[in-house]
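# Residue-level structural notes
Here are the chains, one letter per residue:
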Amino acid sequence: MSEFDEKLSELQTRLEHLENYETAFRREILDLRQNINLLKSSPANLTETETKQTSHAAPTAPKTSPQKEFERTGVPPKREYREPIYTETADRNKNYQPRESLTSSVAKQRKTSISAQAQMNLEKFIGENLISKIGIVVLIIGVGIGAKYAIDNNYITPLMRIVFGYVVGFALIGLAIKLKTKYHEYSAVLMSGGIAVMYFITYFAYSYYALLSQLSAFSLMVIFTVFTVLASLIYNRQIIAHIGLVGAYAVPFLLSENSGRVGVFFTYITIVNIGILAVSIKKYWKPLFYSSFTVTWLMYAGWLITGYNSNTHFSLAMAFLLVFFLTFYLTFIAYKVINEEPFKIENVLLISLNAFNFYFLGCVNLDYTSGANLIALFTVFNAVIHFAFGFLLYKLKTTDKAAFYLIVIFVLTFLTISIPLYFEGHWLTLIWMGQAVFLFVIGRTKRISLFEYASYPLMILASIGLLMIWENAVNTYAVTIQEAVYPILNGNFATSLAMACGFAVIYYVDRDERFGTYLEKSIYQFVKYAIPTFLLVVLYNTFRTEISNYFQYVQISTAIQSDYVEVLGSEKYTNESLELFDAIWQINYTMLFLTILSFVNLKQFRTFALGIVNLLLNSAILTFFITVGLFILSVLSFNYLNPVVSQAFQPGIHYILMRYVSYLFVAALVFACYKYIEQDFITDRIPPKYLQIAFDSGLYFILLVIISSELVNWSGIIGVKEIYRLGLSILFGIYAVFLIVLGIIQKKQHLRIFAIALFAVTLVKLFIYDIAELGTISKTVVFVSVGILLLIASFLYTKYKGLMFDDEII
């Protein structure tokens, strides 16, 4: 059945369905009219004349209205029922159905109609399509079985076998041509079978019986291929074109004599591709394009693995690699321009795969020829080709810009790949970051999703490059002044600062509400916090590393030659305390950085997430300071009090004063934390009392540790001994009393609990640590002092219990 017959049958079926619906609706309208007429013709609505005519009262009876009769007797009047008067319409529709029944009937009819349509379509598919294809396959198998039987029994000669095969093929083709007008679909199936028979018979005549020369067989198969393509156009059927495609690609393999003439083989494949792709473009048969694309690249890759010889095939391989790549690239452009095809994911995959095949297989060719240095040039060449195609699309001014943007991505990608092959270190990182910023800004501001997606891998690459630069700087130990890195004026600082600026631009654009993102919400939530995190990390480390560079440079520049050259060789003395200053200044810088970040958030952003992270980092660095930082300061104080006589570097007063500089940074950071717990964007989510308890606990613990450190430090300067036992125990007791007094005044129970815990620690220290080494007088002093302090604390609790426990503020 032809396409015209199929279309006509489909339209008739649809018309029948609509007529059924129209009949059902007409019946429902008549039912509604019938119900209305019944109501109009009821006794309650009869006219006065009709009432008089139907009355059974005696003529002599006085006329009394029903209302007066009811008032006189108190009994409601009886009304005699008479048969309703039906209209002509009602008489014609005595067998009516209620509305509910009608609706159910229509639905049932519709369901039955749909089921019948489905059954009819299935039957039509099996009868007109599937059976014919199965039949042609069975026919070919039957012919093959019969031919095999005749061959096995020598009933026919080889020549007759081939002639019989051609006769069958031509018979199928002739029958297909004869039936084409009336039975288009069936004719197309016969045509496909006939062409398949012609291919196989020609192969058998050449390969098994040597009845045809290679040139003759090749010529016949080319003719069959051309005929197949023309038939597919005439019949407008892809299946015929696919048969021609399979036959065309199979010809070189079927007729191959392993001559090694690769150039002829790929030239033939190129000609076939051009013809097949031209058909696919003309008829918009994309599966034909996909088949050609897949088979061609598989054949090329298979030859490259099994038969490639770099000494003889390099130029040939690169030439046809370019030809195949350009053929499919141009086909894609033709699809976009001629058919105005919208850009879909399959297009992205196809173009990407074509570009990958060309680049990867080209690199394999270059590697085979030991031309590793040419890979960088080949990578740039890829970028140039994609740029040319992008320029072509731009000039064609297609309405769908997604293809153009994808090609731009390819250009930038291949340039990105080529960068490490030409550049390294700082330039590599800077170029990657520059590309990331460009793509992100253009992607957001111009709403080009592909650009934004491509910027994230580049950000990651640039960040990895920067981490490698930092790692190399940490692991590089300069020995001479020439090897030392000069502070600020060096490539590491410039690269890090440029990276920070790049992330700052990205963060600024990301925060602009005018520019939305195409990322999914869950992914964007990660990106939203990842970008400012990278910005802060890069910005922080940019200046932190310069502190290390400075002290390392000073250490090397002030090194002194050793006097014991015959023993130590060229060994030099360096001021090892500079390493301690380096460490403490990095801690100070960290506290300063976090303080600035805190006030920027307090004044500018006022975001809860940054505030919580800020508070956690503040707490972490303060903890690090009272542990590691105070230890470093103690070592500097020790070096000041115990200088090495043989060393040329004598300590100065700054070894002692350094601790008070650090205390300023501690005070600033603690003040920032205090300002945080007063902000409504923090207290709206965390109860203020918990924030106050955490802040007070941290503050007074830090003060305790710093005061204890100062006691130990100045005791060492003055020369007081046993300070760790006698002095610290008394200090802890005094501090505990101070906390109790403060807790009573401010009505803060947690301070008093802290004081009680400190008293407990002091007593444990007193009985386990202090008593073991102290002399009698010292033991007496410390025990008496701690005892007095405990009594004072108890007295305070007794005297001010009303103040403490009434209206307590925690």
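Above this text sits the structure in question.
Let us look at the structure shown here. (Residues numbered from 1 in each chain as written. Predicted model: local features only at pLDDT ≥ 70, side-chain atom pairs only at ≥ 80, totals over all residues. Heavy atoms only, no water.)

## Concerning unusual backbone geometry
Convention followed: Secondary structure elements are taken from DSSP: a helix is a run of H or I of four residues or more, a strand is a run of E of two residues or more, and numbering for both begins at the N terminus. Each residue's exposure class comes from its accessible area (1.4 Å probe, protein chains only) as a fraction of the maximum for that residue type: buried when under 20%, exposed when over 50%, partly exposed otherwise.
For R447, which is not glycine, the phi torsion reads 60 degrees and is therefore positive. With respect to the helices and strands, the residue R447 is situated in the loop between α16 (426-445) and α17 (449-475). For R447, a relative accessible area of 46% gives the class partly exposed. If you check the backbone angles, R606 has positive phi at about 55 degrees while not being a glycine. Looking at the element boundaries, R606 is found in the loop between α21 (577-605) and α22 (608-641).

## Topic: the pattern of salt bridges
When charged atoms on two side chains of opposite charge get close, those side chains can pair. What counts is decided by this rule: Note on definitions: salt bridges are taken to be side-chain nitrogens of Lys or Arg within 4 Å of carboxyl oxygens of Asp or Glu.
Across all of its chains, the model carries 7 salt bridges by this definition. Between D510 and R444 there is a salt bridge, and its shortest N-O distance comes to 2.9 Å. Placement of the pair is D510 in helix α18 (residues 491-511) and R444 in helix α16, with a sequence separation of 66 residues. The exposure classification of D510 matches that of R444, with both residues buried. Among the ionic pairs, R659 bridges to E710, the shortest N-O distance being 2.8 Å. Here R659, found in helix α23 (residues 654-676), pairs with E710, found in helix α25 (residues 688-718); they are 51 residues apart in sequence, far enough to count as distant. The exposure class assigned to R659 is buried, which follows from its relative accessible area of 1%. Sharing partners across several salt bridges, the network here consists of R444, E452 and D510.

## With respect to the packing of α16 against α17
Put simply, the rule reads: Angular values range over 0 to 180 degrees, each being the angle between N-to-C directions of two axes fitted as lines to C-alpha atoms, with helices fitted over their stretch in contact. Working rule for angles: under 35 degrees goes down as roughly parallel, over 145 as roughly antiparallel, 65 to 115 as roughly perpendicular, anything else as oblique. Here is the rule for handedness: rotate from the far helix to the near one, and if that takes an anticlockwise turn smaller than a right angle the crossing is left-handed, while a clockwise turn gives right-handed. Whether two residues are in contact is decided by their heavy atoms: any pair within 4.5 Å suffices. Classification used: nonpolar for Ala, Val, Leu, Ile, Met, Phe, Trp, Tyr, Cys and Pro, charged for Asp, Glu, Lys and Arg, polar for all others including Gly.
Relative orientation of the contacting elements α16 and α17 amounts to 155 degrees, with a least axis distance of 8 Å. Here α16 is positioned roughly antiparallel relative to α17, judged by the angle of their axes. Handedness of the α16/α17 crossing: left-handed. Note on element contacts: α17 touches α16 through F451, E452, A454, S455, Y456, L458, M459, L461, A462, G465, L466 and I469, opposite H426, T429, W432, M433, Q435, A436, L439, F440, I442, G443 and R444. Class assignment for the residues of the contact of α16 with α17 results in 15 nonpolar, 6 polar and 2 charged.

## Here's the deal with the nonpolar core
This is how the line gets drawn: Throughout, nonpolar core names a set of buried Ala, Val, Leu, Ile, Met, Phe, Trp, Tyr and Cys residues whose side chains join them through atoms within 4.5 Å.
If you look at the biggest cluster of nonpolar residues, it comprises 45 residues, and the most contacted ones within it are W297, Y300, W303, F324 and Y329. At the level of secondary structure, the elements contributing two or more residues to this core comprise α10 (262-283), α11 (286-306), α12 (310-338), α13 (345-368), α14 (372-396) and α15 (402-422). For this core, the element with the most residues is α12, which contributes 11 residues. Setting aside chain neighbours within four positions, we find Y300 in contact with F266, A317, M318, L321, F324, L361 and N365.

## Side note on the packing of aromatic side chains
Where we set the bar: For Phe, Tyr and Trp, rings pair up if their centres lie within 6.5 Å, where Trp contributes its six-membered ring, and each pair is then called stacked (planes under 30 degrees apart), edge-to-face (over 60) or tilted (otherwise).
The final tally for this structure, using the stated rule, is 31 aromatic pairs. Measuring from centroid to centroid gives 5.6 Å for Y660 and Y663, while their planes differ by 85 degrees, and the two rings are edge-to-face. Taken together, the residues Y660 and Y663, both in helix α23 and 3 residues apart, mark about one turn of the helix. Taken together, the ring pairs in this structure connect F293, W297, Y300, W303, F320, F324 and F328 into an aromatic cluster.

## Here we look at the packing of α18 against helix α19 (residues 521-557)
Viewed as axis vectors pointing N to C, α18 and α19 meet at an angle of 155 degrees, and their least axial separation amounts to 9 Å. The orientation of α18 with respect to α19, classified from their angle, is roughly antiparallel. Between α18 and α19 lies a crossing of left-handed hand. Packed against α18, whose contacting residues are F493, S496, L497, M499, A500, F503, A504, I506, Y507 and D510, the element α19 presents Y524, K528, I531, P532, F534, L535, V538, L539, T542, F543 and E546 at the interface. Among the residues forming the contact of α18 with α19, the class breakdown is 16 nonpolar, 2 polar and 3 charged.

## A look at α22
Rules: The span you would expect from a helix comes to 1.5 Å times its residue count less one. Across the chain, bend at a residue is computed as the angle between axes fitted to the seven residues ending at that point and the seven starting from it.
Its 34 residues place the ends of α22 47 Å apart at the C-alpha level, agreeing with the 50 Å of an ideal helix rising 1.5 Å per residue. At F625, α22 shows its largest bend, some 40 degrees.

Interpretation in functional terms is not warranted from these geometric data alone.
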